[in-house]
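Each chain, written out:
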Amino acid sequence: MMTKTNRMIWWGLVVAWCALIYYFTESPLFTGEQTAQWIRRFLEYVGIHTNHPVSDGLFSWNLIVRKCAHMTVFGMFAFFAWKATASYRVAWLLTLFCAMFDEWHQSFQPKRKALFSDVIIDMIGATIVIGATIVLWMVWKANKRA
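One structure accompanies this document, and this report is about it. This one's a predicted model, so the numbers in the text were calculated from it and none came from an experiment.

### Considering helix 2 (residues 32–45)
In step 1: Helix length check: helix 2, at 14 residues, gives a terminal C-alpha distance of 20 Å against a target of 20 Å (1.5 Å per residue), a fit within 8%.
In step 2: G47, located one to two residues past helix 2, shows a positive phi value of around 95°.

Below you can see the structure in the form of C-alpha cells.
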C-alpha cells in the first residue's frame, strides 16, 4: 500500500512532467527544423557528412527520432500517472487527455501543427509502458508468492 506522501510525490512528478511537455511544445528548440539540425550535426560529428547517402534520409531520421520521443515522453507520463492514481485505466485516460491537450496547444505555436497521428503515437507509448508495467507487476507478484 502506498502512503499519502508517496502518492503526493507521484502526483508531483505528473505535474512536473506535464510542465515539461508544455515546455517542449512551447519552445522553439523542439521544432522539427531544430531536431533536424541536431541530427545533421550529430551525423557530421560521427563522420557522416551532409553529402553522404545516410544523411539524405535526414527527414526519415528526424521523423523516427521525433516519434520515438513522443512515445517515450508519454509512456513516462503514463507510468507516473499510474503510480499517482494506482489505476491503469485512469492513467491511460489521463495520458490521452494530456496528449490531446498537447496537440491542441501545439496548434497555436509558430512552425508547429497539431496532428491526430501524434496523439495515436503518444498513446502507443502509453499502452506499451502500461502493458509492460502490468506484465512486470504480475511476474513480481508470482515470484513473491513462490
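### A short note on the environment of I39
In step 1: With respect to the helices and strands, I39 occurs in helix 2.
In step 2: The class of I39 is buried, set by a relative accessible area of 12%.
In step 3: Taking the C-alpha atoms as reference points, I39 and M71, separated by 32 residues in sequence, lie 18 Å from one another.

### A few points about the nonpolar core
In step 1: With 17 residues, the main nonpolar core has V14, I21, F74 and F77 as its most contacted residues.
In step 2: Mapped by element, the contributors of at least two residues to this core are helix 1 (4–26), helix 4 (58–85), helix 5 (88–106) and helix 6 (116–145).
In step 3: Considering every element that reaches this core, the biggest residue donor is helix 4, with eight residues.
In step 4: In contact with F77, not counting residues within four places along its chain, are V14, W17, C18, I21, L94, T95 and C98.

Rules of the game
Residues numbered from 1 in each chain as written. Predicted model: local features only at pLDDT ≥ 70, side-chain atom pairs only at ≥ 80, totals over all residues. Heavy atoms only, no water. Helix = DSSP H or I, 4+ residues; strand = E, 2+ residues; numbered from the N terminus. Expected span 1.5 Å × (residues − 1). Buried < 20%, exposed > 50% of the residue type's maximum accessible area, 1.4 Å probe, protein only. Core = buried A, V, L, I, M, F, W, Y, C linked by side-chain atoms within 4.5 Å. Contact = heavy atoms within 4.5 Å.

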